[in-house]
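Per-entry structural report
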Amino acid sequence: MPAPGELTFVAPRGAAKPPRHLADLTPAERREAVGALGEKPFRARQLSRHYFTRLTSEPGDWTDIPAASRGRLADALLPPLMSVVRHVSCDGGATRKTLWRLHDGTLVESVLMRYPDRVTMCVSSQAGCGMNCPFCATGQAGLDRNLSTAEIVHQIIDGMRALRDGEVPGGPARLSNVVFMGMGEPLANYRRVLGAIRRLTDEAPDGAGLSQRGITVSTVGLVPAMRRFAGEGLSCRLAVSLHAPDDELRDTLVPVNTRWKVREVLDAAWAYADASGRRVSIEYALIRDINDQEWRADLLGRLLKGRGAHVNLIPLNPTPGSKWTASRPEDERAFVAALEAHGVPVTVRDTRGQEIDGACGQLAASAR
């Protein structure tokens, strides 16, 4: 049964599920799976160390495991999940977008962004998206399917390996942050996204050993799932893709708003903030003459005042042929000033990747 707010997906007739992978399993389940292969249970921890710490799935690298066992373990627990179609870079190589082909031919994207003081990865949780937001390339493509936990995790593991091996200009580096802001609505794939967070933040070698505080999960406002997420005992940050402070406009920009209204979404966000001790990020894509009026900034400021939220304004990265485009600089400045007048912290996101189809779904759409 799906979690509250989780969307069900019916696979096309004959479609194969993603193969079972080490990252889909808890440490206890890995020991059981290894034992079922006739191997000693401690092999599960060795495999975990290779994958999550040494960042390798290649049996030839597993010198601590008998050669006769490597193929069997690899086939059962570390099968190929996805392959790189291509990498596209900009910003002198500091931004690298990867187009992945999954086992069934489905295409998804991830983006690695290197800044002077941190490295962030933006990952996909679904192939496509079912939220149907009209200004979003992914939303207009529709939902293909949910990603498995391992398909989500592998995007990050590969990014960590690329940073370690110096594939991104600037020398070897460590991953600082993971944002679930790529293709898909993370809370519509609740169970697998939660599993990915656990794998990424479990202590090594059982997981990647990342900090929960460095992980951000976005949502358009699936209220039941948001409230369930508040009960998971996590210290991740929640980002709410609001995009409009009034229900009349948000019903159009974020169609799920016809089910859960702005105040319901914000109430669920405050519940998560109270449970986690983390302030909520309010994501707001500024769209010229649509949602960038000063009076809307004033209304947003009134809704957020005193709540400890932070507004992340996003100059819209337009998709080819779309009528939606970024706000004028003067309107952006006025919007910022109106929020600041209410004492609401606000930043304008550093837009990267426009020349490499940087908006979610553009690269995948161009490859179809």
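Report on the accompanying structure. The residue numbers shown here count from 1 along each chain, following its written sequence. A pLDDT threshold of at least 70 governs which residues receive local features in this predicted model, and a stricter bar of 80 or more applies before side-chain atom pairs are shown or counted, although totals over entire chains, interfaces and linings include all residues. Excluding hydrogens and water, the side-chain values take into account all heavy atoms of the structure.

**Topic: the environment of A309**
Put simply, DSSP H or I for four residues or longer makes a helix, DSSP E for two residues or longer makes a strand, and each gets a number counted from the N terminus. Mapped onto the elements, A309 comes out in the loop between α10 (294–304) and β11 (310–315). Sequence-wise, A309 and G184 are 125 residues apart; in three dimensions their C-alpha atoms are separated by 23 Å. Note on contacts: a residue pair qualifies if any of its non-hydrogen atoms lie within 4.5 Å across the two residues. Not counting chain neighbours up to four residues away, the residues in contact with A309 comprise W270, V280, I282, V344 and P345.

**Focus on the nonpolar core**
The biggest cluster of nonpolar side chains holds 105 residues, and the ones touching the most others in it are F180 and F229. Every residue in contact with F229, bar those within four places of it in the chain, is listed here: L187, Y190, L194, I197, V217, L234, L238 and Y272. Of all hydrophobic cores here, the second largest spans seven residues; its members include V111, M113, C122 and M181. Take the buried residues of types Ala, Val, Leu, Ile, Met, Phe, Trp, Tyr and Cys, join any two whose side-chain atoms come within 4.5 Å, and each joined set is a nonpolar core. The classification of residues rests on relative accessible area computed with a 1.4 Å probe and restricted to protein chains. Under 20% of the type maximum is buried, over 50% is exposed, and intermediate values are partly exposed.

**A word on the sheet that holds strand β12 (residues 346–348)**
Two strands in a sheet stick together by hydrogen bonds in their backbones, pointing the same way (parallel) or opposite ways (antiparallel). In this scheme, strands are said to pair when DSSP sees at least two bridges between them. Pairing in this open sheet of 10 strands is mixed, and the strands run β1-β2-β3-β4-β7-β8-β9-β10-β11-β12 from one edge to the other. Pairing within the sheet leaves two strands with one partner each, and these edge strands are β1 (82–90) and β12. Pairs of neighbouring strands in the sheet enclose a mean axial angle of 20°, with direction left out of account. The pairing of strand β9 (residues 237–241) with strand β10 (residues 281–286) spans three bridges and is classified as parallel. Looking at the pairing, S241 lines up with E283 of β10. Relative to strand β8 (residues 215–219), helix α6 (residues 190–201) is tilted by about 170°, and along the sheet it contacts β7 (177–180) and β8. Here an axis means a line fitted to C-alpha atoms, over the contact stretch when the element is a helix, while the angle between two N-to-C directions is reported on a 0 to 180 degree scale. The sheet contacts of helix α11 (residues 329–341) involve β10, β11 and β12, and relative to β12 the element is tilted by about 165°.

**Digging into the packing of aromatic side chains**
By convention, a stacked pair of Phe, Tyr or Trp rings (six-membered ring in the case of Trp) has centres within 6.5 Å and planes under 30 degrees apart, an edge-to-face pair has planes over 60 apart, and any other such pair is tilted. Going through the model one piece at a time under the given rule, you end up with four aromatic pairs. Geometrically, the ring pair formed by F229 and Y272 is stacked, given 5.3 Å between the ring centres and 15° between the ring planes. Linking F229 in helix α7 (residues 223–230) with Y272 in helix α9 (residues 262–276), this pair joins segments that are 43 residues apart in sequence. Here the two residues F229 and Y272 agree in accessibility, since each one is buried. The interplanar angle of 45° and the centroid separation of 5.0 Å between the aromatic rings of Y284 and F335 together place this pair among those described as tilted.

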